[in-house]
Amino acid sequence: MTPVYLDNSATTPVDPHVLEAMLPFFTEIFGNASSIHTFGQRARAAVEEARERLAILIGASAKEIIFTSGGTESDNTAVRGVAYQLRGKGQHIITTRIEHPAILSTCKALEEEGFRVTYLPVDSTGLVDPRKLADEITPQTILITVMHANNEIGTLQPLAEICAVAHERGILVHSDCVQTLGKIPIDMKTFAVDLASFSGHKLHGPKGVGALYVRKQVQFKPLVVGGSHERKRRAGTENVPGIVGFGKAAELGLEHLPEMETHVKGLRDRLQRDLLQIPGTTLNGHPEFRAPHICNLSFDHTEGEGLLISLDLEGIAVSTGAACSSGSLEPSHVLIALGRDKHHVHGSLRFSLSRMNTEQDVDRAVEVLPQIVERMRSLSPSYSAD
Amino acid sequence: MDSEDCGKNALPEPFVFRRLMDSEPYYSDKLLDHYQNPRNVGVLPEADGEAQRENQVCGDVLQMFVKLHGDTVKEIRFKAEGCIPTIALASYATEWATGKKIGEVRKLSPAILSAVLGELPQHKLHAALLVAETLQAALADSADS
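Residues numbered from 1 in each chain as written. Chains lettered and ligands numbered in written order. Predicted model: local features only at pLDDT ≥ 70, side-chain atom pairs only at ≥ 80, totals over all residues. Heavy atoms only, no water.

**Some remarks on the overall build of chain A**
The condition is simple: Counting from the N terminus, the helices are the DSSP runs of H or I reaching at least four residues and the strands are the DSSP runs of E reaching at least two. Restricting the calculation to C-alpha atoms gives the radius of gyration, and the globule rule supplies 2.2 Å times the number of residues raised to the power 0.38. For every residue, the accessible area (1.4 Å probe, protein chains only) is compared with the maximum for its type, and the residue is labelled buried under 20%, exposed over 50%, or partly exposed between those bounds.
Along its length, chain A carries twelve helices and twelve strands. Computed over the C-alpha atoms, the radius of gyration of chain A is 21 Å, within 12% of the 21 Å expected from 2.2 N^0.38 for a compact globule of 386 residues. Seen along its three principal axes, the alpha-carbon backbone of chain A occupies a region of about 70 × 55 × 35 Å. Burial status across chain A gives 60% buried among its 386 residues.

Here you go:
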């Protein structure tokens, strides 16, 4: 049984070229990138080349990129860093109810420190309304943080409109772009956000490395201090192999970007179309404004964890927003924010693809899942096939 | 074996322990067997007692039907819309209780169920609670009728 991996929003397999690029930095090129001898300078050159590659992928200047330990650190740095920098100007932050916990938990922590946070609702497809956002802005508002694509349902937010509303009033915008890097084109020359978070392992890079884009002249208080690394914006010896891997992944991400709208979206759309043929199945997320690799479906009268494990026993990996599977009893805050009732959330699955998936992967999921759904429904006290 | 006998390439004890822990499956084979091949699924139209309970937080729903013969449980059936341990423990409980005296079945507690197919993780204890409560409620219903 060939395993089928459809959980690429959780993490992606490392591209063999990425691994190959990283390996010398565990062995012969082991220097500390801050050292001025040759060992160190070889590592420094590799870090700067990686920075350049990521800058090219997002249409930024290399100086605007700070390497971090991942998306979560980037989110924490952006939100806390701007909040602390601008607290003298105001103490109000606007975000959404469907952000990643890295943002929501940071906002909750800031509330305990006296900041006020507005959590914007979304419509039934997961979209934020920029007019509602505008209504929430006050003279105290210092930051708006809205994710680019939601990690559970893939809905893409109208960031251009959000930035227009914010910038008219001189407010900074941060966006968690972890799910969109290498998936859809991002060009910081036209994409108006002031800060953006990225992660290496979501685009076939290694885990433990991410980046924060900070537009030139935007000031923030660093989260991690203790050295002059990353132009004094993130202290700590650089994770050279990780950064090199991220750089290679960014280079490959740019090369493969056109495949996202063709190969990956094509596979995703076929998977979605075929699975929607199962009666009592609905799409969670926006039908059109959505990252090309994500598809979240609810199967009435089923339970997500059971679906997930039954698929796993067939060698197919997906994820679920159902309660119980996440280590807590609470169902997905994202699906709840869409206004879905708990029974609908109960039977939800997220399928997320990458350029490494094949037609055969989709065939297999489409072949196996209907029987699993049917078997689970046959146990349900409330399901009737009629 | 003493850790010093492990040889210089062996991992230190805490790492060996950690690695073994990590390789433990999330659910036991016994539990997964009951989930994949649930016993006694269905309804009993002639039931002496029946009950339905729901976990208000996570949404799991369980229905149980019991048929008695004197003071013995003759048959039990269940239907469930719930997570893996809910289905597996309902299957286990119905299989275990069939043919047993009512007094004995009344002793089947959430604590017993939470360990009987392998220790449930903390956030899954609700499954043991739901199964025990529904079974006891169905028995209580049969006593009322």
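**Observations regarding the environment of Gln85 of chain A**
Residue and element names in this part refer to chain A. In this structure, Gln85 sits in helix 3 (residues 71–86). The partly exposed category is assigned to Gln85, whose relative accessible area is 28%. The spacing of Gln85 and Lys221 is 136 residues in sequence and 5.5 Å in space, taken between C-alpha atoms.

**Description of the sheet that holds strand 9 (residues 281–284) of chain A**
All names here are of chain A. Put simply, the rule reads: Two strands qualify as a pair provided that DSSP identifies no fewer than 2 bridges between them. Axes here refer to lines fitted to C-alpha atoms; in helices the fit is confined to the stretch in contact. Angles between the N-to-C directions go from 0 to 180 degrees. Whether two residues touch is decided by their heavy atoms; if any such pair falls within 4.5 Å, the residues are in contact.
With antiparallel pairing, three strands are arranged side by side in an open sheet as 9-10-12. Unpaired on one side and paired on the other, strand 9 and strand 12 (348–352) mark the two borders of the sheet. The average angle at which neighbouring strand axes cross in this sheet is 30°, direction not considered. The sheet contact formed by strand 10 (residues 294–299) and strand 12 spans five bridges and is antiparallel. The partner of Ser298 across the bridge, within strand 12, is Ser348. On the sheet, helix 9 (residues 304–313) packs against strand 10 and strand 12 and is oriented at approximately 45° with respect to strand 12.

**Comments concerning the nonpolar core**
Spelled out, the test is: What makes a nonpolar core is a set of buried Ala, Val, Leu, Ile, Met, Phe, Trp, Tyr and Cys residues whose side-chain atoms join them at distances within 4.5 Å.
Ranked by size, the top nonpolar core spans 66 residues in total, and within it Phe299, Phe351 and Leu369 of chain A together with Leu113 of chain B carry the most contacts. Leu203, Val209, Val244 and Phe246 of chain A belong to the second-largest nonpolar core, a separate cluster that totals 59 residues.

**Things to note about the domain arrangement of chain A**
Residue and element names in this part refer to chain A. Applied cut-off: Domain start and end points were adopted from an automatic or database domain assignment. Buried area, as used here, totals the accessible surface that two parts lose on assembly, with accessibility defined by a 1.4 Å probe and the loss added over both. A pair is scored as a salt bridge if a Lys or Arg side-chain nitrogen falls within 4 Å of a carboxyl oxygen belonging to Asp or Glu. N or O atoms closer than or at 3.5 Å make up a polar contact, with two conditions inside protein: a donor-capable atom paired with an acceptor-capable one, and, for residues adjacent in sequence, both atoms drawn from side chains.
Domain annotation for chain A reports domain 1 (4–11 + 257–379) and domain 2 (16–252). Of note, the centres of domain 1 and domain 2, computed from C-alpha atoms alone, are 27 Å apart. Contact with domain 1, which involves 28 residues of that partner, is made by 29 residues of domain 2. In this assembly, domain 1 packs against domain 2 so that about 2,400 Å² is buried in total across both faces, 60% of it on carbon and sulfur atoms. A per-residue breakdown of the area domain 1 buries against domain 2 is headed by Leu257, His333 and Val334, which together make up 22% of the total. At the boundary of domain 1 with domain 2, the tally comes to zero salt bridges. Connecting domain 1 to domain 2 are 14 residue pairs in polar contact (both at pLDDT 80 or more). Those elements that place two or more of their residues in the side of domain 1 that touches domain 2 are helix 8 (240–275), strand 10 and helix 10 (333–337).

**Concerning the side chain of His204 of chain A**
With respect to the element layout, His204 of chain A can be found in the loop between strand 7 (195–199) and strand 8 (210–214). Filtering out sequence-adjacent residues up to four positions away, His204 of chain A remains in contact with Thr12, Pro13, Val14, Asp15, Val18, Ala249, Ser354, Arg355 and Met356 of chain A.

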